[in-house]
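# Notes for the structure review
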Amino acid sequence: MKPVRLAILGLGTVGGGALKLLQENAAEIRRRTGREIEITHVGTRRPRPDLNLPASIKQSADLLDIVRQPDVDVVVEVMGGIHPAYEVMMEAIKHGKQVVTANKALLAEHGNELFKAADDHHVQVAFEAAVAGGIPIIKVIREGLAANKIEWLAGIINGTGNFILTEMSEKGRAFADVLKEAQELGYAEADPTFDVEGIDAAHKLTILASCAFGIPLQFDKVYTEGITKITAQDVKYAEELGYKIKHLGIARRSSKGIELRVHPTLIPEEELLANVNGVKNAVLVQANAVGPTLYYGAGAGAGPTASAVVADVVDIVRDIIYTEDGSGTIPQLAFEALSDLHILSSDEMTTGYYLRLNAEDQTGVLADVTTILSRTGISIDAIMQQPRLKDLIPIVILTDPIVESKMNEAIAQIQALPAIHGEIVRIRLELLDN
Ligand code: HSE
């Protein structure tokens, strides 16, 4: 049988990792696919003599030309970024190539067009590596949980952010110092604001929600907040109350629509998710038949991401073998079946809250605050007054779940009290129960 021929576009952390994995595990992969995989082309802006590639692999910077070549069956797009990745992937699809990608930004922002084109040309765009690095969460949702209605999912889906929060909390390290290490380790995005401002997690949540709920990719509707405003003070107070602060991506189906949100979140310290540390990712999925299931592993780095990329290559090789009779392949997202469920605005979303206020030490301040909360229909779950800091008393309040528009109303009123100083800190809180 003739080999399946591969072009790898991009030889950075992920591309280099995939190349190495395909070479090192060639025998194992051959056993699983029953077919040789031959790398015929690599696309790279600069030649890479350091990789000592065999002369049979052609190197070129002309990516559009590579994807038009007849000796390419599968294109592995691991260069990242939106342009020229979009144009190159479209060209590959139009030339009938199967595509494997790790490009979450491209899929979250242009996936609807790309999957439509893939449908039209009867090819697959496989994207396991785009979400949660080495954790096969896309295959879990699409295959393992295929019998279930998914109610919600919550995940730590940015390794860099989790690495930073963990190092800050456990070792008291400075934010910038940890971020630099994450960049050196190949975890961080080319633009690290994508990691720390929650954009990378929002890209991944967009993709997860599409797979979970059968909705189009709607990155622009994800409420997105990063970790840059989390202070050591809030981490300490949350821990005193029995919570950890984690950066979560949450997609939840309710009777009113779908919540898509990414933000720092207090979660009970005994939850497994609260103990996911370092660069590790984890996704908790609540599905109606199986109940909650949790998936854990490395969310970034060369080996884990390459593991997911090569798994997609293996799947595609199996499909190519299966469909060699010309019956066509099954697309990753069935576009004719997409649902138009309403995506909730942040005002309509419901969560618990951690509030921290700095109050003057005066009779009646706490009463004023709790009166505002009760008038707005907000129930207090816990309240803690901390020792005086610079003439002000920090007050921490945990609330039961409340729709965000009500919380905004209450915060505006509390903020206007003359005895309250500085901006009120608000962090969302999730109990992660059913
Ligand atoms: N920058 C990403 C992260 C890489 O830290 O999770 C993996 O997608």
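The name recorded for the chain in an unreviewed UniProt entry is Homoserine dehydrogenase, from Acinetobacter guillouiae NIPH 991. Note on the chain: under the UniProt heading Catalytic activity (unreviewed entry), the record states "L-homoserine + NAD(+) = L-aspartate 4-semialdehyde + NADH + H(+)". According to its UniProt record, the chain has this under Sequence similarities (unreviewed entry): "Belongs to the homoserine dehydrogenase family."

Within the chain, the regular secondary structure consists of 14 helices and 16 strands. Computed over the C-alpha atoms, the radius of gyration of the chain is 24 Å, within 12% of the 22 Å expected from 2.2 N^0.38 for a compact globule of 434 residues. Projected onto the principal axes, the alpha-carbon positions of the chain cover approximately 85 × 45 × 35 Å. Considering the chain as a whole, with its 434 residues, one finds that 53% of them fall into the buried category. Within the chain, contacts between residues separated by at least 24 positions form 72% of all contacts whose residues are at least 6 apart in sequence.

On the secondary structure map, valine 100 appears in strand β5 (residues 98–101). With 250 residues separating them in the primary sequence, valine 100 and threonine 350 have C-alpha atoms 36 Å apart. When neighbours within four sequence positions are excluded, valine 100 is seen to be in contact with Val74, Val75, Val76, Glu77, Ala126, Val309, Asp312, Val313 and Ile316.

Each α-helix winds once per 3.6 residues, and so residues spaced three or four apart point in a common direction. Within helix α13 (residues 365–375), burial applies to Val365, Val369, Ile372 and Leu373. Down the axis, α13 shows its buried residues gathered within 100° of arc, on one side only. Opposite the buried face of α13, at more than 90 degrees from it, the exposed residues are Ser374 and Arg375. On its buried face, α13 sits against β13 (350–359), β14 (380–385), β15 (393–403), α14 (404–415) and β16 (420–429). The positive-phi residue at the C-terminal boundary of α13 is glycine 377, with phi of around 85°.

On the surface, Leu366, Ile380 and Ile383 cluster together into a nonpolar patch covering about 210 Å² of accessible area. Turning to its location among the elements, isoleucine 383 is positioned in strand β14.

With respect to spatial proximity, the complete set of residues near the ligand consists of Lys104, Asn158, Gly159, Thr160, Tyr187, Ala188, Glu189, Asp195, Asp200, Lys204, Gly299 and Ala300. One of the side-chain nitrogen or oxygen atoms of lysine 104 is found 2.6 Å away from an oxygen atom of the ligand. Within the contact set of the ligand, an oxygen atom lies 2.6 Å away from a side-chain nitrogen or oxygen of threonine 160. Out of a free accessible area of 250 Å², the ligand has 93% covered by protein chains. If you list the elements that add at least two residues to the shell around the ligand, you get α7 (159–171) and α10 (199–213).

For the rest of this paragraph, the subject is the sheet that holds strand β6 (residues 125–126). Read from one edge of the open sheet, 6 strands run β3-β2-β1-β4-β5-β6, paired in parallel fashion. Bordering the open sheet on either side are β3 (58–60) and β6, each of which pairs with just one other strand. Examined bridge by bridge, β5 and β6 share 2 bridges and lie parallel to one another. Looking across to β6, one finds that valine 99 is bridged to valine 125. Contacts from helix α4 (residues 85–94) reach β1 (4–9), β4 (74–77), β5 and β6 within the one sheet, and its direction differs from that of β5 by about 150°.

All told, the structure shown has 29 salt bridges when counted by the stated rule. Between arginine 356 and aspartate 234 there is a salt bridge, with the nearest N and O atoms lying 2.4 Å from each other. On the criterion of sequence distance, the pair formed by arginine 356 in strand β13 and aspartate 234 in helix α11 (residues 232–240) is long-range, its members being 122 residues apart. In this structure, arginine 356 and aspartate 234 share a single accessibility class: buried. Each of the salt bridges in this network shares a partner with another, and the network as a whole consists of Glu167, Lys171, Arg173, Asp177 and Glu181.

Rules behind the numbers
- Residues numbered from 1 in each chain as written.
- Predicted model: local features only at pLDDT ≥ 70, side-chain atom pairs only at ≥ 80, totals over all residues.
- Heavy atoms only, no water.
- UniProt positions renumbered as here; feature names shortened; annotations may be inferred.
- Helix = DSSP H or I, 4+ residues; strand = E, 2+ residues; numbered from the N terminus.
- Rg over C-alpha atoms; globule rule 2.2 N^0.38 Å.
- Buried < 20%, exposed > 50% of the residue type's maximum accessible area, 1.4 Å probe, protein only.
- Contact = heavy atoms within 4.5 Å.
- Arc of directions from axis to C-beta.
- Patch = residues over 30% accessible without salt bridge, like charges linked within 9 Å, V, L, I, M, F, W, Y side chains within 5 Å.
- Areas by Shrake-Rupley, 256 points an atom, 1.4 Å probe, with all protein chains shown as cover.
- Salt bridge = Lys/Arg side-chain N within 4 Å of Asp/Glu carboxyl O.
- Near = heavy atom within 4 Å.
- Polar contact = N/O pair within 3.5 Å; in protein donor to acceptor, adjacent residues only side chain to side chain.
- Pairing = 2+ DSSP bridges.
- Axes fitted to C-alpha atoms, helices over the stretch in contact; angles between N-to-C directions.

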